[in-house]
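Working through the structure, step by step
Here are the chains, one letter per residue:
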Amino acid sequence: MTRKLQRTVRLPDPRVVFALAFVLSSFAVVIRGNLWLMIGLMAVSLLCAVCIGVDFRQMWRRLRRLLQLLLIVSILRSVFAPSGTILLELWGVQILTVGGIQIGALVLLRLGLFITSGAMFTCYSVRVLIQGMVQIKMPYELAYMVSVGVRFIPQLAEELKDSLTALQLRGVVIEELKLKKKLSLYTYLILPVIVSSMQNAKELAMSMEMRAFRAERNRTSFYALSLKPSDIVMLCGILAFTILMGVILIVGVDIF
Amino acid sequence: MTAIEVRNLSVSYGEYSVLRDFSLTVEVGEAVLIQGPSGCGKSTLLHAICGLIPGVIDAECSGEVLVFGELVQTLSVAERAKRLGIVFQNPETQLFCDSIEDEIAFGLENICTPRDEMARRIDEMLKLTDIEKYRFASPKELSGGQKQRVVLAAVMALDPKVLLLDEALSQLDRRGKGMLREQFSQLRSEGCTMLMVDHDDELVSIASRIINL
Ligand SMILES: Nc1ncnc2c1ncn2[C@@H]1O[C@H](COP(=O)(O)OP(=O)(O)OP(=O)(O)O)[C@@H](O)[C@H]1O
Ligand SMILES: [Mg+2]
């Protein structure tokens, strides 16, 4: 009796997404200087993300901040390592050059690729991801550690927000505080929040241990993921894509 | 036969001493209710019985705890989980899965229960604690009382020989308490040993002995 996970009927197997994210982010690291190839890679990854069903409005909100970064990196590059046609020059200093923009764009695309690869996982429940990790032979302890760790961060943010609200309810108007006061306020808040999260983490660990976590070397699983034919087709597609990209990179086929 | 034997247990957190030379013997099949004012060390006692003090919890401790004749500290995780099931006081920090079903499955998966057996156990526990409706809900979406039911289900699924309950019903409504009390007395009649901490007198009727700390 193999039970399928409820919420993931229409999504590809998480292992397909692991493979995809791995390939995309590896190429993001490997590609240097070839802007067009990077743009192509970004297009492919966006397409994949759309197909999986990533929420793009949310993504865009995050990516927007990166665009400012693009400008900063481009300017820094243009000023300190000018190359290519000069687009803007002030007092004899090259502020913006084509070469600078190219480098800036490369950096941005690299970050964008990491973000889209990561965003694909947000479509899956943690349980499905753990199961995927376990079924690619990752030790289950590690898989659980990752998942509990991932939950830890939003929990910290949540508690910090609660503490701030509590302060506001007691009449502290945070917006009106001077920057220095505000900063010291945050430092006072962060420590107790971290301490209480550590306490929670400890209680969680006790509960897991008393429910026999790590009792045996192996563990069975109520759920099992199984590759559908469509998943296998996708895996083959990813493999073909990897080979194609590899050939382009090694042989240096100048398609553009 | 003796299920739990606590011998001359003293626990102190730094300077602050909580239990002093405390001894307790619980026979198999007994249901002992532990009462006492806040801060008198009821939770501490249960932690010590589970072997979490000393070790996991930072506290000095002397004396010994025997579970079915063996020192609790020498038991492996698996052996301990088969003998002792504990519902801790705070339901918030005992749930970490995506769904109630996962939560109940977690312990069963750890002890390598076969899949059909697991399915059967999960169904049974969901029914027993009356949370069948929430099977696929996330624990985060539940109320305090519902969370307590889930924790109970997850712990009872492992079918421990001794059940330790630290105010496990505190946030439940009257009907829920009544229902679970029935379940507990059913468990008792099946030979399960129970050690309960509770403020209310809800569980007095199923207790075979009451201890005031
Ligand atoms: N981890 C800890 N570190 C330091 N002191 C602790 C710790 N845990 C408990 N204490 C202290 O030990 C005393 C007993 O705590 P315990 O939780 O056992 O009480 P309790 O009887 O369960 O109370 P309640 O009915 O409120 O749950 C309390 O005064 C508490 O402050
Ligand atoms: Mg307590």
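As shown above, the structure is provided for reference.
If you're wondering where the values come from, they're calculated on a predicted model, not measured in any experiment.

Concerning the overall build of chain B
Counting its regular elements, chain B contains six helices and nine strands. Projected onto the principal axes, the alpha-carbon positions of chain B cover approximately 45 × 35 × 35 Å. Restricting to contacts in chain B with at least 6 residues of sequence separation, those with at least 24 account for 68%.

Observations concerning the packing of helix 1 (residues 14–30) of chain A against helix 5 (residues 126–135) of chain A
Residue and element names in this part refer to chain A. Taken N-terminus to C-terminus, the directions of helix 1 and helix 5 make an angle of 75°; their axes are 9 Å apart at the nearest point. It follows from the interaxial angle that helix 1 and helix 5 lie roughly perpendicular. Note on element contacts: helix 5 touches helix 1 through Val128, Leu129, Gly132 and Gln135, opposite Pro14, Arg15 and Phe18. In terms of residue class, the contact of helix 1 with helix 5 is made up of four nonpolar, two polar and one charged.

Considering the interface of chain A and chain B
Between chain A and chain B, the residue contacts involve 25 residues of the former and 31 residues of the latter. Within the residue set of the side of chain A that touches chain B, elements represented by two or more residues are helix 5, helix 6 (140–169) and helix 7 (179–210) of chain A. Grouping the constituent residues of the side of chain A that touches chain B by class yields 10 nonpolar, seven polar and eight charged.

Some remarks on the nonpolar core
With 70 residues, the main nonpolar core has Ile49(B), Ile86(B), Ala153(B), Leu164(B), Leu195(B) and Met196(B) as its most contacted residues. Top element by residues in this core is helix 5 (residues 144–156) of chain B. It accounts for seven residues. Other than its neighbours up to four places away in sequence, Ile86(B) contacts Met210(A), Leu46(B), Cys50(B), Val155(B) and Leu164(B).

A closer look at the sheet that holds strand 4 (residues 60–67) of chain B
Residues and elements named next belong to chain B. The antiparallel open sheet is built from four strands, whose spatial order is 2-1-4-5. The sheet terminates laterally at strand 2 (16–27) and strand 5 (70–71), the two strands that pair on one side only. Bridge count for strand 1 (residues 2–13) against strand 4 is seven bridges, and the pairing is antiparallel. By the bridge assignment, Val11 is partnered in strand 4 with Cys61. Strands in contact with helix 1 (residues 42–49) are strand 1, strand 2 and strand 4; relative to strand 1, the strand with the most contacts, it is inclined by about 120°.

Concerning helix 1 of chain A
A rise of 1.5 Å per residue sets the reference length of helix 1 of chain A, with its 17 residues, at 24 Å; its end C-alpha atoms lie 24 Å apart and thus fit the reference within 8%. When we look at burial in helix 1 of chain A, the residues that qualify are Pro14(A), Val16(A), Val17(A), Leu20(A), Ala21(A), Val23(A), Leu24(A), Phe27(A) and Ala28(A).

Focus: the sheet that holds strand 8 (residues 193–197) of chain B
Residue and element names in this part refer to chain B. Strand order in the open sheet formed by five strands is 6-7-8-3-9, with parallel pairing between adjacent strands. Edge positions in the open sheet fall to strand 6 (84–87) and strand 9 (209–212), since each of these has one partner strand only. Strand-to-strand twist across the sheet, computed as the mean angle between neighbouring axes with direction ignored, equals 15°. Where strand 6 and strand 7 (residues 162–166) come together, four bridges link them in parallel fashion. Counterpart to Val87 in the pairing with strand 7 is Leu165. Across the sheet, helix 1 lies against strand 3 (31–35), strand 6, strand 7 and strand 8, angled at about 150° from strand 7, the strand it touches most.

Here is what the cut-offs are and how they apply
- Residues numbered from 1 in each chain as written.
- Chains lettered and ligands numbered in written order.
- Predicted model: local features only at pLDDT ≥ 70, side-chain atom pairs only at ≥ 80, totals over all residues.
- Helix = DSSP H or I, 4+ residues; strand = E, 2+ residues; numbered from the N terminus.
- Contact = placed C-beta atoms within 7 Å.
- Axes fitted to C-alpha atoms, helices over the stretch in contact; angles between N-to-C directions.
- Parallel < 35°, antiparallel > 145°, perpendicular 65-115°, else oblique.
- Nonpolar A, V, L, I, M, F, W, Y, C, P; charged D, E, K, R; others polar.
- Core = buried A, V, L, I, M, F, W, Y, C linked by C-beta atoms within 7 Å.
- Buried ≥ 20, exposed ≤ 12 C-beta atoms within 10 Å, placed from the backbone.
- Pairing = 2+ DSSP bridges.
- Expected span 1.5 Å × (residues − 1).

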